[in-house]
Amino acid sequence: MSSKPDLLPMELELRLAVPEKWFNRLKRLPLLVKTSAGRARTSHLKSTYFDTPDKQLAAAGMNLRIREIGNRKLQTLKVGNGWQAGISERIEIEGWVSTDQPTLDLIHAPEIRAFLCKDGIWERLQPVFVTDFRRTSRLLNFTGRFGDATISVDLDSGEIRSGNRKAVISELELELKAGSPTALYDLAHAINERIPMRIEHRGKAIRAAELQAPQTPRAVRGRKPPLVQGSRINEAAVTILKACQTQIAANEFPILHSMHPEGPHQMRVAARRLRAALGMFRAFADQALTERVRAEAKWLAGSLGEAREWDVYIGELHAPVEAALGADIPALKELRSLAQVRQEAGYRDARAAVASPRFTSFQLELGLLIESLSRAPEKGAFDHLARSEEFAASKLEKRYRKVRKMGRTALQGESAAKHELRLEMKKLRYAAEFFASLFEPRRAKTVSKAAARLQDLLGYANDYAVCIRQLDTLIAPDNGSVMPGIEQAAGTIVGWHGAEMVRADHEIEDAWNRFLDAGRFWPKPRRLAD
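These figures come from a predicted structure and were not determined experimentally.

K.L.:
Would you explain the nonpolar core in this entry?
P.N.:
Side chains of nonpolar character tend, in soluble globular proteins, to be buried together. If you look at the biggest cluster of nonpolar residues, it comprises 101 residues, and the most contacted ones within it are L172, L174, L187, L274 and F435. Per-element accounting of this core gives the leading share, 10 residues, to helix α9 (residues 262–281). If we skip the residues at most four places from it in the chain, L274 touches L241, C244, I248, V293, A297, F362 and L366. Counting residues in each nonpolar core, the second largest holds 23 residues, with L335, A339, L474 and A489 among its members.

K.L.:
Help me understand the side chain of E92, please; the structure alone is not making it clear to me.
P.N.:
Within the element layout of this structure, E92 appears in strand β6 (residues 87–97). In this structure E92 comes out as buried when scored by relative accessible area, which is 13%. Dropping the residues within four chain positions of it, E92 is found in contact with P9, E11, T76, L77, K78 and E175.

K.L.:
Just to check I follow, could you spell out helix α7 (residues 233–250) for this structure?
P.N.:
Because an α-helix packs 3.6 residues into every turn, residues spaced three or four apart end up facing the same way. Under the 1.5 Å per step criterion, the end-to-end length of α7 is 26 Å for 18 residues, consistent within 8% with the ideal 26 Å. By the criterion of burial, α7 is predominantly enclosed, with 13 of the 18 residues buried.

K.L.:
What should I look at first to understand the side chain of N192 in this one?
P.N.:
Counting through the fold element by element, N192 comes out in helix α5 (residues 182–192). For N192, a relative accessible area of 4% translates into the label buried. At a separation of 2.9 Å, a polar atom in the side chain of N192 contacts the main-chain carbonyl oxygen of P357. If we ignore the near neighbours within four places in the chain, the residues touching N192 are M197, P357, T360 and S361.

K.L.:
Just checking my understanding: could you explain the pairing of β6 for this structure?
P.N.:
Consecutive side chains of a regular strand alternate in pointing toward one face of the sheet and then the other. Counting buried positions over the 11 residues of β6 gives 8, a clear majority of the element. Of the pairings in the sheet, the one linking strand β1 (residues 10–17) to β6 comprises 5 bridges and is antiparallel in character. Within β6, the position partnered with L12 by the bridge is E89. One ladder, built from 7 bridges, connects strand β4 (residues 72–79) with β6; its direction is antiparallel. Across the sheet, the residue bridging to K78 is E92, located in β6.

K.L.:
Looking at this structure, I do not really get the packing of helix α14 (residues 388–410) against helix α17 (residues 486–518). What am I missing?
P.N.:
Running from amino to carboxyl end, α14 crosses α17 at an angle of 145 degrees, the nearest separation of the two axes being 12 Å. For the pair α14 and α17, the sense of crossing is left-handed. Contacts from Y400, V403, R404, G407 and R408 of α14 reach α17 at W512, F515 and L516. The residue makeup of the contact of α14 with α17, split by class, is 5 nonpolar, 1 polar and 2 charged.

K.L.:
Looking at this structure, I do not really get the packing of aromatic side chains. What am I missing?
P.N.:
For any pair of aromatic rings, the description consists of the separation of the ring centres together with the inter-plane angle of the planes. Within the structure shown, the criterion is met by 12 aromatic pairs. Between Y49 and F129, the aromatic rings sit 4.3 Å apart at their centres with planes inclined by 10 degrees, giving stacked as the arrangement. Of this pair, Y49 sits in strand β2 (residues 41–51) while F129 is found in strand β7 (residues 126–143), placing the two residues 80 residues apart along the sequence. The class for F129 is buried, based on a relative accessible area of 7%. Centre to centre, the rings of F281 and F391 are 5.3 Å apart; their planes meet at 25 degrees, and the pair counts as stacked.

K.L.:
In this structure, what is going on with a positive patch on the surface? I would like to understand it.
P.N.:
A grouping of R25, K27, R28 and R134 is seen on the molecular surface, where their side chains present a positively charged patch. Within the secondary structure, R28 is located in the loop between α1 (23–27) and α2 (30–33). Accessibility expressed as a relative area gives 59% for R28, which makes it exposed.

K.L.:
Got a minute to help me understand the pairing of strand β3 (residues 62–69) in this structure?
P.N.:
Most of β3 is tucked away, with 6 of its 8 residues classed as buried. Looking at chain direction, β2 and β3 are connected through 6 bridges and run antiparallel. Considered in β3, the bridge of K46 is made with E68. Two elements, β3 and β4, share 8 bridges in a ladder whose sense is antiparallel. Bridge assignment links R67 to a residue of β4, and that residue is L74. The loop that links β3 with its antiparallel partner β4 comprises 2 residues; one of these, G70, has a positive phi angle of about 65 degrees.

Criteria and cut-off values
Residues numbered from 1 in each chain as written. Predicted model: local features only at pLDDT ≥ 70, side-chain atom pairs only at ≥ 80, totals over all residues. Heavy atoms only, no water. Core = buried A, V, L, I, M, F, W, Y, C linked by side-chain atoms within 4.5 Å. Buried < 20%, exposed > 50% of the residue type's maximum accessible area, 1.4 Å probe, protein only. Helix = DSSP H or I, 4+ residues; strand = E, 2+ residues; numbered from the N terminus. Contact = heavy atoms within 4.5 Å. Expected span 1.5 Å × (residues − 1). Polar contact = N/O pair within 3.5 Å; in protein donor to acceptor, adjacent residues only side chain to side chain. Pairing = 2+ DSSP bridges. Axes fitted to C-alpha atoms, helices over the stretch in contact; angles between N-to-C directions. Left-handed = near helix turned anticlockwise from the far one by under 90°. Nonpolar A, V, L, I, M, F, W, Y, C, P; charged D, E, K, R; others polar. Phe/Tyr/Trp six-rings, centres within 6.5 Å; stacked < 30°, edge-to-face > 60°. Patch = residues over 30% accessible without salt bridge, like charges linked within 9 Å, V, L, I, M, F, W, Y side chains within 5 Å. Areas by Shrake-Rupley, 256 points an atom, 1.4 Å probe, with all protein chains shown as cover. Salt bridge = Lys/Arg side-chain N within 4 Å of Asp/Glu carboxyl O. Lys, Arg positive; Asp, Glu negative; His and termini not counted. Charge placed at Lys NZ, Arg CZ, Asp CG, Glu CD.

What follows is the structure in structure tokens.
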């Protein structure tokens, strides 16, 4: 759908997966029981969801159901799948019906109704899956850090059925009834400190679709945020932080369910992009919260580091040597086996971090930060802020000048100096990607391409330095390897890439000159922002 119609009822909720073994304890949690506005109510809810055979409702971000509540039937159409840190914000159109089939008369919004009537969509609707669960509900009046709210706390236990396949439902849904959305994050964070949970980004409709067509874990790259020219700084910050959060969340599944190297890599990139963004926008958000999220992003990136570094060694440093000299050389095979043991340990650490309550708390605090920037605590609170273009030009110019200054000496210096230049190039590139849509797109693409080439070459130099350290750990006496020739094989890998580095150094000089020639894609500011 192109846009949300005005004045339609909206649903704002945060969904969390609860381990089954903790479910009953969560029902009795004092935090919920003592702050409840009344007694908990438990009901049996059975819902049938409808779609066309080619899933046109799902493709349009809609789901339509008829829910049995006692002897009555409630039809609900939800439109939209936008979320940040687990919160979904959707149009919700409800009404009582007397039959088991959906009723079009309940849907009056012109744009939505027109979509449902075109191409025979409504006539082709059929049942696609069923949810059957018991819900225990409480109403809470909760006081959060940035505002108060009335929240419906719903605990669901049951199953999803699609054909002959089933999936367990063990969820906590926090739905905003009145007040500040920030309180949803605060309440979820408080519960997560007592009962370990995980943000559930997938709705029941998506989970049902996965029963019939299981998804292959695929890593997700970050996208350039679609900033709006003329927007205020806080609005740009929200869009950029949402893009970082989306990339982090999207790579959770690949890390937990595969050993594809792009999973840890892309989540690590997202964590670093997030830290760079928070560094730029910290003056406009709650200072303590911002620093806490930055620190947790650093923890996350560090937890993924071992997996990523051994992925790089095996795939980009060891593999080319094996391909050139032969994969059947015993010492090279032994080195690969030893590296794979370290790689697997790195993945265990990465999965443990992503599956931990700490990761959930990090996501919730990030969501809270985004929400606090999205909605001013009082009318006009952000009106004094400058426009995004002015702010972006100032930040880009500061990064650009620092890189140019460092580059004059770093490219002639030791590997440590090149490493520092690489880190500054990375920050500049992140900022360029964040703000590209505010300026002329072709010019921004040219500059970003030149910066990416230089960063990749500097990255290879860093990978080579890390490789030497990694090989030292693999052939150390306490590693248990006694195979003859393993030290020679390690030396071969170092020598091979050492020769490549000689050529790379010449390419770095050329890439640096191309980067300087590319110049700026933003207007040079009259003065730099503080």
